[in-house]
Amino acid sequence: MKGTTYPHAAGFVAGDRPQVVTSRFQYDDSYTLQRYLATDGYKGLQAALAKSAVDVHNDVKGATVLGRGGAGFPAGVKWGLTPQAVWPRYLVVNGDESEPGTYKDRLLMELDPHQLIEGCLIACYAAGLSQCFLYIRGEMAVAQERVATALNDAYAAGYIGKNILGSNFSVDIVLHWGAGAYVVGEETALIESLEGNRGMPRLKPPFFPAAIGLYGKPTIVNNVETLSNLPWLLRNGVEAYTAIGTATSPGTRMVAVSGHVKRPGVYEIINGTTTFRDLLYGEEFCGGIRNDNQLKAFVPGGGSAPWFLPDQLDLPFESKLVGAAGSMLGSGAVMVMDDTTDIVAAAYTLVRFYAHESCGKCTPCREGGTWLERIMMRLVDGHGTTRDLDQLFEIGQTICPGEFPHAASERLGLEAKPFPFRMTTICFVGPSAYTAVDSALTLFRDEFEAKIVQRNLIPVSVGASE
Amino acid sequence: MARLNEANVVYAKEIIGRYPKARSATIPLLHLAQQQDGYVTNEAIEHIGALVGATSAEILGTATFYEMFKFEPVGKYLVNICTTLSCALLGADELMHHAERHLGVKAGSTTPDGMFTLESAECQAACTEAPCLQVNYRYRYRVTTADLDTLLDDLSHGRLDGEVPPHGTVARVRQQIPSDRTVGVFAPDDVTTAPVWMPAPTAEAPK
Amino acid sequence: MTATETGTEATVPPPDPNEVRLTINGRPVVARKGDYVIAAAQNIGEYIPRFCYHERMSSVGMCRMCLVDIDTGRGPGLQVACMVTVVPDMIVNTQSQSALKAQEGIIEMLLANHPLDCPVCDKGGECPLQDQSFSYGPGESRFVEEKRHFEKPIPISDLVLLDRERCILCDRCTRFADEVAGDALISFTHRGNLTQVNTFPDEPFASYFSGNTVQICPVGALTAKPYRFKARPWDLEQTESTCTTCAVGCRTVVQSSRDELLRYQGVDSDPVNWGWLCDRGRFNFEAVNSEDRLDSPLVRVDDELQPTTWNAALARAVELINEAKAVGGAGSIAVIGGARGTNEDAYAWARLAHDVIGTPHVYPQMGDGAQINLLGFDRATIDEAANAATIILMAPDLKEELPVLYLRLRDAAQKRRSRIIEFTQKGSGLSGEAWRVIQYQAGNITQAVAGAGADAAIAAQLAKGTVVIVAGRANLAENPLEVGNGVVAALGLAPAAKVLPAFRRGNVVGAIEMGLVPGEGGMHVLDIARASAAGKIECLILLGCDPLSDLPDSDLARQLMAGAPRIIAIDTFLTKSSSPAHVVLAAAAYGEKSGTTTNIEGRVSTLSEKVTPRGTSRPDWMIAVELAELLGADLGVSSVDDLTDAIAANVSGFGAATVAALRTARDGIVCKGSLPPATAQVSTIDERNGYDYRLVVSRKLYDNAVGTAKSPSLAHLTMGSELHLHPLDVERVGSTDGADVKVTSKRASMVFKVVADDSVVRGSAWVPFNQPGPSIGELIDAAAVVTDVRVESF
Ligand SMILES: Cc1cc2nc3c(=O)[nH]c(=O)nc-3n(C[C@H](O)[C@H](O)[C@H](O)COP(=O)(O)O)c2cc1C
Ligand code: SF4
Ligand code: FES
């Protein structure tokens, strides 16, 4: 099977494809300053400092560097949303990676922290951001240690702080770390958390962080992978960057494929063109479903994304197409379920996740999420009733009124309902608690009904390790 | 063991000094308290409130929002077995049941000898390495029941002391910002002009 | 401004740039830029259901109850009306199918974990959750799961209990505590479905404003001890009134059942209290209901005060007055007090004293207030103060003495409308909000102000915009003339500044304006006391006042009382001072009489009679009318309304406050009399020679005043008498925090517990006034400008 793995880079699988952000993963000392400098380190920053801030900003706009945190919003455009003549402006780096199925930002922080730091510096230079806060998920001890070491070395070497590389560009990067709360990944909650508060999202609009963010000042929130793209972009130029992928989805993106595939792993794939079939069955990718079982369903973009069926395998990683097909690319996380999977139990783990991670602010999320979880648990344990199935749907209606997005199914003769949905909550945690329920219920209602009849009292496990 | 000790107060003040507003240091300081005592004591909460200028109720409100902070003693080793989808698909439940049997406690509780606290955790961003777990936030990947037995055994015999610090300590490397390099912090409201490297405000509408 | 007002009929007023035109439920609406949809809708009578939204606090969009269909061009979509601001051509539909369905869904979810114990809940019958479930809810709940469980009501303070099972997590109480009161002692804890409101262990929600959280709680989660289980809302009758506990004059509703006062609630008066009340004002109705109230007049018979009829009592009072006249002339009669009554009480008594009895010796305060001529300056309203670019604070701690004014000024500082420059002898509740805190020692205000004027930054700030000086008696051990000196000095720095006088006692401004002030050759209360000591006062009339408790110089107070051979007291209780009286005339209390009151702004607003006066007690004004009659004069009034109109007719500046006008003016009518402004007075301070701590004495919210002492829920909240020194001074006197120290002035020497307190200026010693324990009044010399003391450890 093609594709190379490295003992020091658990999960990462290299292939002979362009490597924009993972080029150093092959080295077991990839996170050190020496290695970084030996492999074009901080050349992107030098290239940036040689230009005006405006030109650098234009490069990022020109390259349409899409946000990799979930929303897929172009970074260059976001930087332009700060209100004129309002200072100071801050950069907050979102390293809170917690979306079920998502594993990429942690790799980038553990294996190439200097690349991230360089990306932060370029962003601060381009957008006039005078202080940067690098927020790393609390549970990621090694990532915190690697980034801390990298920051210390970079400060000592003059890449961070006052008059960087002798220029008039000065910025501090402060390492900040969380304490375990998925919702804090949401940018407004991230800011609340960074201000020392409970991580409850602030409603937006009218308060986009770019306008009113940290300490009430304009704040750019960008994802770790997004920023890690910038050094390569500045080194190789816009043309080189847009030469990869498609016009609407240029460059590469990191995708973690987990679950029932032969070779689960994190792959840097070409944006826009690579299809899910390539990824799940391709030789240099996952190489097929484990034990050559049948594919039952897969989650295309992290736990918040509506599920896909084999019907959708030929869709490429292109947000418009995936959206039209009823789901989203989200955070580059594909979770694969083969035909041995207990769909109800599988959906339950995701419902439980979002119910547990609700911040408690919005009534529908706080109450509805737990309500869904309770019913799903009943169903998993075989105590459910048909009444419960309608109730699940009714609760969904309170969180997300109207028809919920779902994939097309030949088997069920079902048309796709495109993304997105309407919602009664502030952030997406509420809807996400219902997403898996809706997908499972819409695409596999028979399995729910089977459980009701079965009255199966032995707790079932979602799937076996073999 | 209660308020932050002298060394930690010094470090706490250094951390506070990195933020335009002291309150931002709340979570790092709570970690410091947990590192000192193994869990977050009420005295520490009061002390932190005084340091960052918030009431104890506010600090408690922040602290209890986050998973990692514990408010009574937990085991020397906190074993978090991920049970979210990717791990569940590859036998997380099985692994959890095995752990419960091995340690003789249910998920969410601590062994009588105070050595292990077992918890069922949510996604740990290692989904391709399922099923996975963390011991005091150090990862173990693709864990079989046999791996788990060995791990627990090694831990209880101190064979992993070098690699896995006692509960409370997360990162062992700390950021140091050299005083001769730092730009320093400014009260957000005191900054009213663009940074020097930014081009002069060309035709910028007044705010 | 309308064309007619400007007098330029021809020109059409220009279109208001802040006006926004939109459509709500098919009706064209004109709102203002920045208005939330929920408010714009309410203004045209379209009520959008809500739980977390509160017009006096920031929006959080937490409960999601106010979801409505909003179309800003991209088609209708559900949005929360409490967070979305109006924009031109916006189309709002609060009645759309989707909106109604969403609201129904939210109610169902709110009820999912709610105990539905309405039959035993204080809120039942006036509960927004109950009401809105009725009008917007699904009717039945399909939630069959186990509900969330918490320990039933836990006391979160001395006055408030919290039932977390009923709480719907609307963030109102917590937002109030943090944003409005600045006492963030309650907070959300835990997360998601386990979220709850709580205090920190052993750190109760000890806020002077805790009662407001009970009022704004949209469910029965927060209940007030003084009201719990007392009545069901449907048994309550209520009428709007004005609180007279202090001189802010908060608007209230007074609620009663079976002729007993049961609850006060704040009413939102935009220029005054924004709906808030302090706990003292909210809960001291207990005093009105007190067993100890006088229910009939008393006369002294062989040294015993004995109940009697009004005829007998009034006859005896007139006898005493006439004897006094016969012995020493009208000038030997003094009338002091009157600041606790209504304008009508004060007016009637002023007429009685000056015109009928004919004495000039009339004084409304006990030497514990500021100069009456503070009312002579260009007067500011509370709104003007709370919107001034600069607020110069040279007042007592407003949080302790005028709590809701404190809230208004705190809001001004918090929202960055105003910068506060505080001159203080001891840190105050507002010091934390102040832009500059200038500490000074009693007697040095003039120098302190001069010093501040020399500071370029301060000078620049004062030039920035309007300036309001909030001035009052910061130190009862300092001569009140210093207050005037401070204002005059401040006006030197900001000549255009207006002055908001921080008088404390309920209707002191009314008493002054109504004429309870010295007439030609009349004496100040302190001089009346000295005259009494010299045997020159034949009859002393105490009009609802208690000099033995309130006159800062205890020795002088005793002389005042001892020197007077005849004492007539008009009072609601037997106090220290009314007990030795020869005749005690039982007075009706707050809530038992109607009329008007005047707050620090000069705002005249109405008081309502809700319950019948205790026993045979009657309002002060009626007593005055009857005494006048027995003294052979006719005040020409027979009802409160007569008096109100008489005031409008005869008191200069009060012409607008007629009965008719007041009936429609819900926020009252601002009136200002014609007193001349206070002028600078030379104050010479004698050498300290060994008495090296300057005494600062001021009031706490809870003290021995009858209103508090006779309210069981409040009485135990007094801090007690103790001496506070700066920590370094505690060391300096060789003592330790909590130890006893000997405190000596030229007057006397007594023992206090010493407390280290860094809010006290070095070289000063602070003691709270009128608290249980040693009375600091024994050390105070009212004749001196300041009182210095020696502090020695044992
Ligand atoms: C519930 C929720 C969780 C999120 N978690 C993350 C996260 O863990 N990491 C992340 O980078 N973005 C996360 N996001 C997206 C962020 O809100 C934000 O869009 C992103 O960090 C912006 O960076 P980008 O533009 O570079 O993608 C989350 C969003 C939501 C609604
Ligand atoms: S106690 Fe009442 S006001 Fe406070 S949060 Fe709960 S429901 Fe809201
Ligand atoms: S689901 Fe287990 S680590 Fe992601």
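Residues numbered from 1 in each chain as written. Chains lettered and ligands numbered in written order. Predicted model: local features only at pLDDT ≥ 70, side-chain atom pairs only at ≥ 80, totals over all residues. Heavy atoms only, no water.

K.L.:
Would you mind going over the sheet that holds strand E28 (residues 669-670) of chain C in detail, with residue names and values included?
P.N.:
Across a sheet, paired strands are connected by hydrogen bonds in the backbone, their directions being either parallel or antiparallel. All names here are of chain C. Strand order in the open sheet formed by three strands is E26-E27-E28, and the pairing between neighbours is antiparallel. Each end of this open sheet is capped by a strand with a single partner; those strands are strand E26 (595-598) and E28. In the sheet, E26 pairs with strand E27 (residues 603-607) via four bridges, with the strands oriented antiparallel. Each bridged residue has a counterpart across the sheet, and for glycine 595 the counterpart in E27 is leucine 607. (Pairing = 2+ DSSP bridges. Helix = DSSP H or I, 4+ residues; strand = E, 2+ residues; numbered from the N terminus.)

K.L.:
An account of the interface of chain A and chain C is needed here, citing residue identities and associated values.
P.N.:
Across the boundary between the two partners, chain A contributes 35 residues, which contact 35 residues of chain C. Contact with chain C buries area across many residues of chain A, yet Arg198, Glu367 and Trp371 of chain A alone supply 21% of it, more than any other trio. Inspection of the region where chain A meets chain C yields six salt bridges. A salt bridge links arginine 191 of chain C to glutamate 357 of chain A, with the shortest nitrogen-to-oxygen separation between them at 3.3 Å. Viewed at the interface, chain C and chain A are joined by 15 residue pairs in polar contact (both at pLDDT 80 or more). Every element with two or more residues in the side of chain A that touches chain C is listed here: helix H13 (343-357), helix H14 (363-380) and helix H15 (386-399) of chain A. Among the elements that make up the side of chain A that touches chain C, the one with the highest residue count is H14 of chain A (ten residues). Considered class by class, the residues forming the side of chain A that touches chain C number 13 nonpolar, twelve polar and ten charged. (Contact = heavy atoms within 4.5 Å. Buried area = accessible area lost by both parts, 1.4 Å probe. Salt bridge = Lys/Arg side-chain N within 4 Å of Asp/Glu carboxyl O. Polar contact = N/O pair within 3.5 Å; in protein donor to acceptor, adjacent residues only side chain to side chain. Nonpolar A, V, L, I, M, F, W, Y, C, P; charged D, E, K, R; others polar.)

K.L.:
Before we move on, could you go through the site of ligand 1 and cite the residues and values that matter?
P.N.:
Residue and element names in this part refer to chain A. As a matter of local geometry, ligand 1 sits amid 18 residues, with Gly69, Lys78, Asn222, Asn223 and Thr226 nearest to it. At 2.7 Å, a backbone N or O of glycine 69 approaches an oxygen atom of ligand 1. Measuring from an oxygen atom of ligand 1, one finds a side-chain N or O atom of asparagine 94 at 3.0 Å. The element that contributes the greatest number of residues to the shell around ligand 1 is strand E6 (residues 219-223), accounting for three residues. Tallied by class, the residues present in the shell around ligand 1 amount to four nonpolar, eight polar and six charged. (Near = heavy atom within 4 Å.)

K.L.:
Report on the environment of leucine 635 of chain C, specifying residues and quantitative values.
P.N.:
All names here are of chain C. Mapped onto the elements of the fold, leucine 635 is located in the loop between helix H21 (620-630) and helix H22 (640-650). Between the C-alpha atom of leucine 635 and that of arginine 351, which follows or precedes it by 284 residues, the distance is 7.5 Å. The residues contacting leucine 635, other than those within four sequence positions of it, are Ala348, Arg351, Val356, Ala624, Val625 and Ala628.

K.L.:
Run through helix H10 (residues 230-243) of chain A, naming residues and quoting values.
P.N.:
Residues and elements named next belong to chain A. Given a rise of 1.5 Å per residue, 14 residues ought to cover 20 Å, yet the end C-alpha atoms of H10 are separated by just 15 Å, more than 12% below that figure. Approximately 115° is the largest bend angle found in H10, and it occurs at glycine 237. Residues of H10 that are buried include every one of Leu230, Pro231, Trp232, Leu233, Leu234, Val238 and Tyr241, and no others. Two residues or fewer past H10, glycine 245 is found with a positive phi of approximately 75°. (Expected span 1.5 Å × (residues − 1). Bend = angle between axes of the 7 residues up to and from the residue. Buried < 20%, exposed > 50% of the residue type's maximum accessible area, 1.4 Å probe, protein only.)

K.L.:
Which residues make up the packing of aromatic side chains, and what values go with them?
P.N.:
Enumeration according to the criterion identifies 31 aromatic pairs over all chains in this entry. Ring geometry for tyrosine 6 of chain A and phenylalanine 12 of chain A: centres 6.3 Å apart, planes at 15°, overall stacked. Take tyrosine 6 of chain A: its relative accessible area is 21%, and that puts it in the partly exposed class. On the basis of relative accessibility, which here comes to 1%, the residue phenylalanine 12 of chain A falls in the buried class. Measuring from centroid to centroid gives 5.1 Å for phenylalanine 65 of chain B and tyrosine 66 of chain B, while their planes differ by 70°, and the two rings are edge-to-face. Across this residue pair, the class does not change: phenylalanine 65 of chain B and tyrosine 66 of chain B are buried. Here a set of aromatic residues connected by ring pairs shows up, and it is made of Phe404, Phe419, Phe421, Phe428 and Tyr434 of chain A. The aromatic ring of tryptophan 435 of chain C is capped on one face by arginine 436 of chain C, whose charged end is 3.9 Å from the ring centroid. One Lys or Arg, arginine 790 of chain C, reaches over the ring of tyrosine 691 of chain C and ends 4.6 Å from the middle of that ring. (Phe/Tyr/Trp six-rings, centres within 6.5 Å; stacked < 30°, edge-to-face > 60°. Lys NZ or Arg CZ within 6 Å of the ring centre and 35° of its normal.)

K.L.:
Quick rundown of the site of ligand 2? Include the residues and the values.
P.N.:
By nearness alone, 13 residues border ligand 2, and Cys167, Ile168, Cys170, Cys173 and Cys217 of chain C come closest of all. Taken together, the residues that form the shell around ligand 2 break down as eleven nonpolar, no polar and two charged.

K.L.:
Go over the pattern of salt bridges with me, naming the residues and quoting the values.
P.N.:
All names here are of chain C. Evaluated as defined, the whole model comprises 99 salt bridges over all chains. Its salt-bridge partner being glutamate 400, residue lysine 700 comes within 2.9 Å of it at the nearest N-O pair. Taken as a pair, lysine 700 in the loop between strand E29 (693-698) and helix H24 (706-709) and glutamate 400 in helix H12 (residues 398-401) lie far apart in primary sequence, 300 residues in all. In this pair, the class of lysine 700 matches that of glutamate 400, namely buried.

K.L.:
Account for the state of the cysteines, naming residues and giving values.
P.N.:
Note: disulfide means a covalent bond formed between the sulfur atoms of two cysteine side chains. Residue and element names in this part refer to chain A. For the coordinates displayed, the defined rule picks out zero disulfides over all chains. Cysteine cysteine 132 remains unbridged, with the sulfur of cysteine 120 as its closest cysteine sulfur at 4.2 Å. We classify cysteine 132 as buried; its relative accessible area is 0%. (Disulfide = S-S within 2.5 Å.)

K.L.:
Describe in detail empty space enclosed by the protein, supporting the description with residues and values.
P.N.:
Evaluation of the coordinates by the stated rule reveals 14 cavities of 30 Å³ or more. One number sums up the size of the largest cavity: a volume of about 200 Å³. Together, 17 residues line the largest cavity, and Trp177 of chain A together with Tyr11, Gln35, Ala171 and Arg174 of chain B are the ones closest to its centre. Of all the secondary structure elements, the ones that give two or more residues to the lining of the largest cavity are helix H7 (141-156) and strand E5 (172-177) of chain A together with helix H1 (6-16) and helix H2 (26-37) of chain B. Sort the elements by how many residues they give to the lining of the largest cavity and H2 of chain B lands first, with four residues. Looking at the lining of the largest cavity residue by residue, the class counts come to ten nonpolar, five polar and two charged. In this structure, the second largest cavity spans a volume of roughly 140 Å³. Along its surface, the second largest cavity is lined by 13 residues, and Asp368, Gly369, Glu401, Arg504 and Arg505 of chain C are the ones closest to its centre. Classifying every residue of the lining of the second largest cavity by side-chain character gives five nonpolar, two polar and six charged. (1 Å grid on protein atoms, 1.4 Å probe; cavity = no way out; pocket = protein on both sides within 12 Å on 5 of 7 lines; lining within 4 Å. Points joined across faces, edges and corners; volume = space filled by probe spheres on them.)

K.L.:
How would you explain the side chain of glutamine 365 of chain C if you had to name every residue and give the values?
P.N.:
Residues and elements named next belong to chain C. With respect to the helices and strands, the residue glutamine 365 is situated in the loop between strand E17 (362-363) and helix H11 (382-387). With a relative accessible area of 4%, glutamine 365 lands in the buried category. At 2.9 Å, the side chain of glutamine 365 forms a polar contact with the backbone oxygen of alanine 370. In contact with glutamine 365, other than residues within four places in its own chain, are Ala370, Ile372, Phe503, Val508 and Val525.

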